[in-house]
Amino acid sequence: MARMKFLCDADRCIECNACVTACKNEHEVPWGINRRRVVTINDGLPGERSVSMACMHCTDAPCAQVCPVNCFYTTNDGVVLHNKDTCIGCGYCFYACPFGAPQYPKASNFGSRGKMDKCTYCSGGPEEDLSIAEYEKYGANRLAEGKLPLCAEMCSTKSLLAGDGDIIAEIYRERVVTRGYGSGAWGWKTAYGETINVSA
Amino acid sequence: MLIKRKNIQASGTGGALAQSFLGMGQRRLDRRSFLRRSGVAVGGLAAVSSLSGGLFQRAEAATPHNHAAPAERRKNMCTHCSVGCSVIAEVQNGVWVGQEPAFESPINRGSHCAKGASSRELVHGDRRLKYPMKKVGGDWVRITWEQAIDEIGAKMLEIREKSGADSVYMLGSAKFTNEASYLFRKFSAFWGTNNVDHQARICHSTTVAGVANTWGYGAQTNSYNDIRNAKTLIFMGSNAAEAHPVAMQHILSGKETQRANVFVLDPRMTRTAAHATEFVRIRPGTDIAVIWGMLWHIFENGWEDKDFIRKRVYGFDEAKAEIMKWNPAEVERVTGLTEEVVKRVAQTFATVKPATFIWCMGGTQHTVGTANVRAYCTLLLATGNVGDIGMGANIFRGHTNVQGATDMGLDVGNLPCYYGLAPAAWAHWCRVWDVPFSYIESRFDDVPAKQGREARTRAQNMEVSGIPSTRWFDAALLDADDVDQQDGIKAMVVFGHGANTIPRMKAAQNGMNALDLLVVADPHPTTFAALHTRTDNTYLLPICTNFECHGSRTASNRSLQWGEKVVEPIFESDNDYAVIYRLSQRLGFADEMFKTFEMVDGKFSKEPTAESILREVNRGGWSTGYTGQSPERLKAHMRNQDKFDIITLRAPKDDPEVGGDYYGLPWPCWGTPEMKHPGTHVLYNTNVPVAEGGGAFRPRFGLEREGVSLLAEDSWPVGSDIEDGYPEFTMALLQKLGWDSELTAEERAVIEKIGGGDPEKIAKVSWTLDLSGGIQRVAIAHGCVPFGNGKARVIAWNLPDPVPVHREPIYTPRPDLVAEYPTREDGRQLRMPNIGHTIQARAVEQKLFDQFPTVLTSGRLVEFEGGGEETRSNPWLAELQQDMFCEVNTKDAAAKGIKDGAWIWVYGPEENAKVRVKALVTDRVAPGVAFMPFHFAGWFMGEDQRGKYPQGTDPVVLGESVNAVTTYGYDPVTGMHEGKATLCRIEAAA
């Protein structure tokens, strides 16, 4: 079984935000909820780099470890999903997540923040695949249709890669060898406990 | 971080994000930190409250995409920039429910930027104009299409009666399809005016003028894809990462595989510069000094391509007199760049070849725009970097179809396909339109003598270029005697054009108020609907987007792509074809104008088919090679996108449908469609036979000057039967060569008919006027270029400053340089006075620089486009960029006590202009330089104008316009405004 991962090549990312609006478009994500976003460091300075971020679908996901109601599960593809019917909106997962992925429809210092929402790797949730109920709660299920996440498919510069971890690691490795530089597979150590070794 | 709301943010990601980036040397978060969070979290914010809950409900209310049911896939193109990304729409029950990546497109390979990836929202259209409206006593009132067309038509005829046809200004759009562009140009001709323009005026008019005056055609010579072959790239005044993001796929790929040198020469450390190998910061408005400084090193060290220059370029001996004045000391004095930097860039560009030069509005939007462009071309010619793969002038156009709309003649000085306005050009198009010349002539005004200017007959008036779109309001406000036509501008008919992308908005506001009639035909109301205080005679017509109609568009690389209608026009909107038809009907010339088209039943009325309009373009567009791209061939290309190579853009020769073609049949695509010319991927390329897309420089400036030939020497396209330079092909030349016998009887009959049976006139029938295509066919059969084989020129004796000279911006931070490098003398151009010199002299005399010490420049953001009404109405985009801002250098901000994210006032030196915007404190701009994006409107000089839009059509995000503070200044050739170098003063706002 493939182990699905995301990889953002920061040397290609131009912060165009296609990944962000592709996600909005595919899942009709409402205003204020951002399953994916682009973060720029050293903005306007030499060395400026941008990275597209969302749930990385970690191995041994920290969110799952802290969830008091056990709403998270990992699919056979290695995708970390959650059950909104179980979620109580406590916000623990947000504090556990190293990537700031979990989003909540409500803000308050007390009580529930509403059902948590996050990137599903375009693979829906526990409802029946491709059902209306699944779409309304979690958005589209592209994996069930044999497609990859739309954010990566629409990335303007092919910076954001999605797919089997081994394959996208190989694509990245080849790229670094060709061009002679690479700032590394951002977030992989944290998410997957490994990095991509490149001998450029 | 700008918005300190992270503690109460619903999603609260700021803290975790910031932490996760600490390890990456983060110093400050980016402009995305302007992003505000959920409306629930920060309720009460204007932008969010205006959403009034509708957005949140939509996800449930809209018919969701039923993934279990089949969806129909329809293909069209993104309607934003000129890259030409294919969009695949999934349609269920007539609703666009999903968007899929078009991996098969050789241009975007599935990719999009933020705008393209949110295309579907344009056709959701929460904020679209939903039905025709007019102002009655200051209030917007819903009316029917019939009433709108009837009242607009009546008023136009009344104005025509009183002030003449020229007093109605036809402002068209770079968002038009080619067919709508052509139709609008034809409409203006049948109405009887050359006052017809569109966004090219304010983006690349100076490019078209400068490039065409150098080597023949005013367009990108190569393609986005071809940049993959370049070993050195210079971006000057281009920020492709934000303005043409998908182009960066080809550029970054090429940079990686070629290990290419990428120089970004710009006043700002742009997002493109972040991916360059070297960023060179220049002072706004000093392009010519920089380029001449580079050429000084090139000539001084003998790095020029002597062989190329000898064979294919005219005028370097003369041009060098000016160029060699720019020694390193003078370059440093004027531009601030050191000898070492200039030399390094120059040497790399001249010696690590192929090298390409990429420019955009940073180069073109200047009082010296045309001269800037010619300087860039001069650098390319000196180094032999034109006319082959991996090199050339890669001019990135701005809008989806600004190239096509320009080609179709939405230009005050042209008929379709750059025929100009000479009697022969009108006669040509009258033949294509099947109307007598006298009919069109009768539609034009005669012009009385005014202020010592001679009177013009109707026929003479047809030959005089109209008023550029940058000056329409001056033409509405000035004394009628100052405007070189019967009367000033009394009516604006605006199809798809914003008002906030043109400087001097205070004057534009006054101009709008002065009009007798204002018509806005657009999917959105635009600033033309909200800026003014008009109470009546103001109409809004809902036009659909290009996703809701058929038609072709021409990408920046000259490739045509056919878009198919995705869904029927939503609400009561209708397409341009139908609306232009109905207006023509009301104005009384529809029968004449539309008799050549196939008419079908449209949504509310008859309308011409896009196919039949394109066929008419094919019948007349010989001069630009718009003749081979039949609708059938273009549709075949869309069906076979996956066949085309992503670097060469060519399909394998053995493909049954598109074999050997270049993608989109980039013009020139010579001859008739049956001739199967493959299109021209790279212009002026002598290494390829003409029949395969080869060419040469176009001799359009005469055959000799001062006894020196202007034809190519020892250079010709491979396979040419004439191994030398030669002039354009005419019947006389064919006869002289003895090739006229190869014309078919039908071709000969057409040519003889055009010549009226008179042998002398028949001999003069040229490759541009021959409606049979025979002359082109025979020339190409002999391996010859129909337009001839000439030299490019680096001295344009018909233009002001035949050799470009540096001239300080009108409002310059270096008044000490004005005496030496003044702007051009006052004069009259394009029916209007141009008093730039007076204004510059006054600015220096009044020491305005002391009061306005900061250089102000402007540009694009990736999320929005153009005037931004459409993109700011798209919540998926609007959410990403919710505030108008001004980039202020950290030192300047510190000196003024301005904090990042605080409100500031930016004051301009004219009309007491001021805008209230947020400060983005950054070293992206140099000390003494400020930058503002130009997509915002809806606030004007501190006033929130949201209430002035018809209810429910106000864009999600509003903001001040940079052009409220930009100033006077016009290129003498095209009327391009100065959008990139003026002065301002920045102060903290209370």
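Reading guide: rules and limits
- Residues numbered from 1 in each chain as written.
- Chains lettered and ligands numbered in written order.
- Predicted model: local features only at pLDDT ≥ 70, side-chain atom pairs only at ≥ 80, totals over all residues.
- Heavy atoms only, no water.
- UniProt positions renumbered as here; feature names shortened; annotations may be inferred.
- Helix = DSSP H or I, 4+ residues; strand = E, 2+ residues; numbered from the N terminus.
- Rg over C-alpha atoms; globule rule 2.2 N^0.38 Å.
- Buried < 20%, exposed > 50% of the residue type's maximum accessible area, 1.4 Å probe, protein only.
- Contact = heavy atoms within 4.5 Å.
- Areas by Shrake-Rupley, 256 points an atom, 1.4 Å probe, with all protein chains shown as cover.
- Lys, Arg positive; Asp, Glu negative; His and termini not counted.
- Charge placed at Lys NZ, Arg CZ, Asp CG, Glu CD.
- pLDDT = per-residue confidence, 0-100.
- Phe/Tyr/Trp six-rings, centres within 6.5 Å; stacked < 30°, edge-to-face > 60°.
- Lys NZ or Arg CZ within 6 Å of the ring centre and 35° of its normal.
- Salt bridge = Lys/Arg side-chain N within 4 Å of Asp/Glu carboxyl O.
- Expected span 1.5 Å × (residues − 1).
- Axes fitted to C-alpha atoms, helices over the stretch in contact; angles between N-to-C directions.
- Parallel < 35°, antiparallel > 145°, perpendicular 65-115°, else oblique.
- Nonpolar A, V, L, I, M, F, W, Y, C, P; charged D, E, K, R; others polar.
- Domains from an automatic or database assignment.
- Buried area = accessible area lost by both parts, 1.4 Å probe.
- Polar contact = N/O pair within 3.5 Å; in protein donor to acceptor, adjacent residues only side chain to side chain.
- Left-handed = near helix turned anticlockwise from the far one by under 90°.
- Pairing = 2+ DSSP bridges.
- Disulfide = S-S within 2.5 Å.

The name given to chain B in an unreviewed UniProt entry is Formate dehydrogenase, and the organism recorded there is Falsigemmobacter faecalis. Looking at chain B in UniProt, the text filed under Sequence similarities (unreviewed entry) is "Belongs to the prokaryotic molybdopterin-containing oxidoreductase family." Of the comments in the UniProt record for chain B, the one headed Subcellular location (unreviewed entry) reads "Cell envelope".

Under an unreviewed UniProt entry, the name given to chain A is 4Fe-4S dicluster domain-containing protein, and the organism recorded is Falsigemmobacter faecalis. UniProt, in the comment section headed Cofactor (unreviewed entry), describes chain A in these words: "[4Fe-4S] cluster".

What to know about the overall build of chain B
A tally of helices and strands in chain B yields 37 helices and 34 strands. Here the C-alpha atoms of chain B give a radius of gyration of 27 Å, agreeing with the 30 Å that 2.2 N^0.38 yields for 990 residues. Considering only C-alpha atoms, chain B reaches an extent of 85 × 70 × 70 Å along its principal axes. Buried residues in chain B amount to 70% of all 990 residues. When contacts within chain B are restricted to residue pairs at least 6 apart in sequence, long-range pairs at least 24 apart make up 74% of them. Accessible area of chain B: about 29,000 Å², with a carbon and sulfur share of 50%. Here chain B carries 108 positive and 117 negative side-chain charges, and the mean point of each set is 5 Å from the other.

Side note on the confidence of the model for chain B
Residue and element names in this part refer to chain B. With 94% of its residues at a pLDDT of 70 or more, chain B has an overall mean of 93. Note on residues 1–29: pLDDT under 50 across the span, and 72 contacts to partners over four residues away in sequence or across chains. Both scores are available for the predicted complex, with the pTM at 0.95 and the ipTM at 0.97.

Points about the packing of aromatic side chains
All told, the structure shown has 48 aromatic pairs over all chains when counted by the stated rule. Considering the side-chain rings of Phe 184 of chain B and Phe 187 of chain B, the 6.1 Å spacing of their centres and the 25 degrees angle between planes classify their relative orientation as stacked. Of this pair, Phe 184 of chain B and Phe 187 of chain B both sit in helix H6 (residues 178–191), separated by three residues, roughly a single helical turn. A centroid spacing of 6.2 Å and a plane angle of 85 degrees characterise the contact between Phe 349 of chain B and Phe 357 of chain B, whose relative ring orientation is edge-to-face. What makes Phe 349 of chain B buried here is its relative accessible area of 0%. Note on Phe 357 of chain B: relative accessible area 0%, which makes it buried. When the ring centre of Tyr 104 of chain A is taken as reference, the NZ or CZ atom of Arg 113 of chain A above it lies at 5.3 Å.

Focus on the pattern of salt bridges
Residues and elements named next belong to chain B. Tallying each qualifying case throughout the model produces 81 salt bridges over all chains. Its salt-bridge partner being Arg 310, residue Asp 714 comes within 2.9 Å of it at the nearest N-O pair. Residue Asp 714 is found in the loop between strand S22 (708–709) and helix H29 (731–737), and its partner Arg 310 is found in helix H12 (residues 306–312); the two are separated by 404 residues along the sequence. Arg 814 is paired through a salt bridge with Asp 816; the nearest N and O atoms lie 3.0 Å apart. By relative accessible area, which is 21% here, Arg 814 ends up partly exposed.

Looking at helix H15 (residues 339–351) of chain B
With 13 residues, H15 of chain B should cover 18 Å at 1.5 Å per step; its first-to-last C-alpha distance of 18 Å lies within 8% of that length. Of all the positions in H15 of chain B, only Val 341, Val 342, Val 345, Ala 346, Thr 348, Phe 349 and Ala 350 of chain B are classed as buried.

Some words on the packing of H6 of chain B against helix H19 (residues 423–433) of chain B
Residue and element names in this part refer to chain B. Here H6 crosses H19 at 110 degrees, and the two axes come no closer than 13 Å. On the basis of the axis angle, H6 is roughly perpendicular to H19. Taken together, the residues of H19 that come into contact with H6 (itself represented by Tyr 182, Arg 185, Lys 186, Ala 189 and Phe 190) are Trp 426, Trp 429, Val 432 and Trp 433. In terms of residue class, the contact of H6 with H19 is made up of seven nonpolar, no polar and two charged.

A few points about the domain arrangement of chain B
All names here are of chain B. Looking at chain B, the domain boundaries give domain 1 (16–124), domain 2 (133–199 + 403–618), domain 3 (221–395), domain 4 (702–804) and domain 5 (815–988). Domain 3 and domain 4 are separated by 32 Å when their C-alpha centres are compared. Taken together, the 18 residues of domain 3 in the interface contact 21 residues of domain 4. Of the roughly 1,600 Å² buried at the junction of domain 3 and domain 4 (both faces included), carbon and sulfur atoms supply 60%. Seen at the junction of domain 3 and domain 4, the total is two salt bridges. At the boundary of domain 3 and domain 4, one finds 11 residue pairs in polar contact (both at pLDDT 80 or more). Those elements that provide at least two residues to the side of domain 3 that touches domain 4 are helix H11 (287–300), H12, strand S11 (313–314), helix H13 (316–323) and helix H17 (369–382).

Section: unusual backbone geometry
Cis geometry marks the peptide bond from Lys 353 of chain B to Pro 354 of chain B; its omega dihedral reads 0 degrees. Secondary-structure assignment places Pro 354 of chain B in the loop between H15 and strand S12 (355–359). With an omega of 0 degrees, the peptide bond running from Trp 667 of chain B to Pro 668 of chain B counts as cis. Residues other than glycine seldom take positive phi values, yet Glu 28 of chain A does so here, at roughly 50 degrees. Among the structural elements, Glu 28 of chain A can be located in the loop between helix H1 (18–27) and strand S2 (36–41).

Re the packing of H11 of chain B against H15 of chain B
All names here are of chain B. Taken N-terminus to C-terminus, the directions of H11 and H15 make an angle of 70 degrees; their axes are 8 Å apart at the nearest point. As far as their axial angle goes, H15 and H11 are roughly perpendicular. Considering the relative orientation of H11 and H15, their crossing is right-handed. Along its contact with H11, which presents Val 290, Gly 293, Met 294, His 297 and Ile 298, the element H15 presents Glu 339, Val 342, Lys 343, Val 345, Ala 346 and Ala 350. Grouping the amino acids of the contact of H11 with H15 by side-chain chemistry returns seven nonpolar, two polar and two charged.

Here we look at the environment of Lys 255 of chain B
By the secondary structure assignment, Lys 255 of chain B is in helix H10 (residues 247–258). Lys 255 of chain B gets classed as buried once you look at its relative accessible area, which sits at 11%. Placed 24 residues apart in sequence, Lys 255 of chain B and Lys 231 of chain B show a C-alpha to C-alpha distance of 7.5 Å. The contacts of Lys 255 of chain B, once residues within four sequence positions are left out, are Tyr 181 of chain A together with Ala 260, Val 262, His 275 and Thr 277 of chain B.

A few points about the side chain of Asn 874 of chain B
All names here are of chain B. Considering the arrangement of structural elements, one finds Asn 874 in the loop between helix H35 (869–872) and helix H36 (875–878). The class for Asn 874 is buried, based on a relative accessible area of 1%. Ignoring sequence-local partners within four residues, the contact set of Asn 874 consists of Ser 118 and Glu 121.

Re the sheet that holds strand S13 (residues 392–395) of chain B
All names here are of chain B. The sheet built from five strands is open, its strands ordered S10-S9-S8-S12-S13 with parallel pairing. Two strands close off the open sheet at either side, each with one partner strand: strand S10 (278–281) and S13. Ignoring which end each strand starts from, the neighbouring axes of this sheet average 20 degrees apart. Here strand S8 (residues 232–236) pairs with S12 via five bridges, running parallel.

Here's the deal with the sheet that holds strand S32 (residues 943–944) of chain B
All names here are of chain B. Reading across the sheet, the three strands line up as S32-S31-S33 and stay open at both edges, with mixed pairing between neighbours. Looking at the sheet topology across the chains shown, the edges are occupied by S32 and strand S33 (959–960). When strand S31 (residues 938–940) meets S32, the two strands line up antiparallel, connected through two bridges. Bridge pairing in S32 links Phe 940 to Glu 943.

Structural notes on the UniProt feature "domain: 4Fe-4S Mo/W bis-MGD-type" (unreviewed entry) in chain B
Cross-referencing UniProt, the feature "domain: 4Fe-4S Mo/W bis-MGD-type" (unreviewed entry) maps to residues 71–127 of chain B in the present numbering. Annotation note: span residues 71–127 of chain B, helix share 9%, strand share 33%, distance between end C-alpha atoms 26 Å.

What about the state of the cysteines?
Put plainly, two cysteines are in a disulfide when a covalent bond ties their sulfur atoms together. One pass over the full model with this rule turns up zero disulfides over all chains. Cysteine Cys 155 of chain A is unpaired, with the sulfur of Cys 16 of chain A as its nearest cysteine sulfur at 6.3 Å. Note on Cys 113 of chain B: no disulfide assigned, nearest cysteine sulfur contributed by Cys 16 of chain A at a separation of 5.9 Å.

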